[in-house]
Amino acid sequence: NAGVTQTPKFQVLKTGQSMTLQCAQDMNHNSMYWYRQDPGMGLRLIYYSASEGTTDKGEVPNGYNVSRLNKREFSLRLESAAPSQTSVYFCASSLFNEKLFFGSGTQLSVL
Amino acid sequence: SQQGEEDPQALSIQEGENATMNCSYKTSINNLQWYRQNSGRGLVHLILIRSNEREKHSGRLRVTLDTSKKSSSLLITASRAADTASYFCATASWIKAAGNKLTFGGGTRVLVKP
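All values derive from a computational prediction rather than experimental measurement. (Residues numbered from 1 in each chain as written. Chains lettered and ligands numbered in written order. Predicted model: local features only at pLDDT ≥ 70, side-chain atom pairs only at ≥ 80, totals over all residues. Heavy atoms only, no water.)

Draft legend 1. Quick look at the pairing of strand β7 (residues 64–68) of chain A. Residue and element names in this part refer to chain A. Residues of β7 alternate between two faces, with Tyr64, Val66 and Arg68 buried on one and Asn65 and Ser67 left unburied on the opposite face. Where β7 and strand β8 (residues 74–78) come together, five bridges link them in antiparallel fashion. Counted as the bridge partner of Tyr64 is Leu78 from β8. Linking β7 back to β8 in an antiparallel pair, the connection comprises five residues. (Buried < 20%, exposed > 50% of the residue type's maximum accessible area, 1.4 Å probe, protein only. Helix = DSSP H or I, 4+ residues; strand = E, 2+ residues; numbered from the N terminus. Pairing = 2+ DSSP bridges.)

This is the structure:
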């Protein structure tokens, strides 16, 4: 099983550009999450989706939008990238909000 | 601000020694989880302890939870070089209509020297 798959693994953007981070899970999990991790820090929740068709803001939602496309896929969009959004982004999924399974991360640099 | 705060921020020990790290949190929780992150990788779930449990074991891991003090500890016994990683606690709180929301602390960086 692939588990949680994130694409791309690396991305460099210029300020103002847009992009979408893709995430897919094959474990039939109902909940999916997007976190960001800045150097030397823990993870901060951007958005989450408790079930297909629902999304909710986390701690740091400003500058991001999400789409729960179906049960498998949860995408994160940066409409106008800013240097403050330089970070490592992790997607995760869980069954009934129990333990999380993480993807391998997307390293994003905004110049 | 983050719900969970780990202490210490960094820990250096010799192989074979025990490593203990603590997590404090602020609001009521449904469960508390510990995760490990090797450099440059995603987090891996280690253990989950529910709010009505006081202690849990998994292999060389021992987790305690004191809800009256809003704190938890993770003990790794007989540490190995492969235990070198960052360890994060995450608290799960119930969010109406959205289930549990996990909030992570800043982590403890553990270095196990051979």
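There's plenty left to go through after this.
Draft legend 2. Quick look at the pattern of salt bridges. If you walk through the whole model with that rule in mind, you get seven salt bridges over all chains. A salt bridge links Glu79 of chain A to Arg77 of chain A, with the nearest nitrogen and oxygen atoms 3.2 Å apart. Its relative accessible area of 42% is what places Glu79 of chain A among the partly exposed residues. With a relative accessible area of 29%, Arg77 of chain A lands in the partly exposed category. Taking the shortest distance from any N to any O, the salt bridge between Asp83 of chain B and Arg60 of chain B comes out at 2.9 Å. In this pair, Asp83 of chain B sits in the loop between β8 (71–76) and β9 (85–95) while Arg60 of chain B sits in the loop between β6 (55–58) and β7 (61–66), placing the two residues 23 residues apart along the sequence. By relative accessible area, Arg60 of chain B is classed as partly exposed at 23%. (Salt bridge = Lys/Arg side-chain N within 4 Å of Asp/Glu carboxyl O.)

Draft legend 3. Inspection of the pairing of β8 of chain A at higher detail. Residue and element names in this part refer to chain A. For β8, the tally of buried residues reaches four of five residues, placing the bulk of the element in the interior. By the bridge criterion, three bridges tie strand β3 (residues 19–25) to β8 in an arrangement that is antiparallel. Its bridge partner being in β8, Thr20 is matched across the sheet by Arg77.

Draft legend 4. Inspection of the state of the cysteines at higher detail. Evaluation of the coordinates by the stated rule reveals two disulfides over all chains. Across a sulfur-sulfur distance of 1.9 Å, Cys23 of chain A and Cys91 of chain A are joined as a disulfide pair. Taking the torsion about the sulfur-sulfur bond, which here is approximately -75 degrees, the covalent link between Cys23 of chain A and Cys91 of chain A counts as left-handed. One end of the pair, Cys23 of chain A, is in strand β3; the other, Cys91 of chain A, is in strand β9 (residues 87–94), with 68 residues separating them in the sequence. Each member of the pair, Cys23 of chain A together with Cys91 of chain A, is buried. Each sulfur in the disulfide pair Cys23 of chain B and Cys89 of chain B lies 2.0 Å from the other. Residues Cys23 of chain B and Cys89 of chain B are joined through a disulfide that is right-handed, its torsion about the S-S bond being 60 degrees. (Disulfide = S-S within 2.5 Å.)

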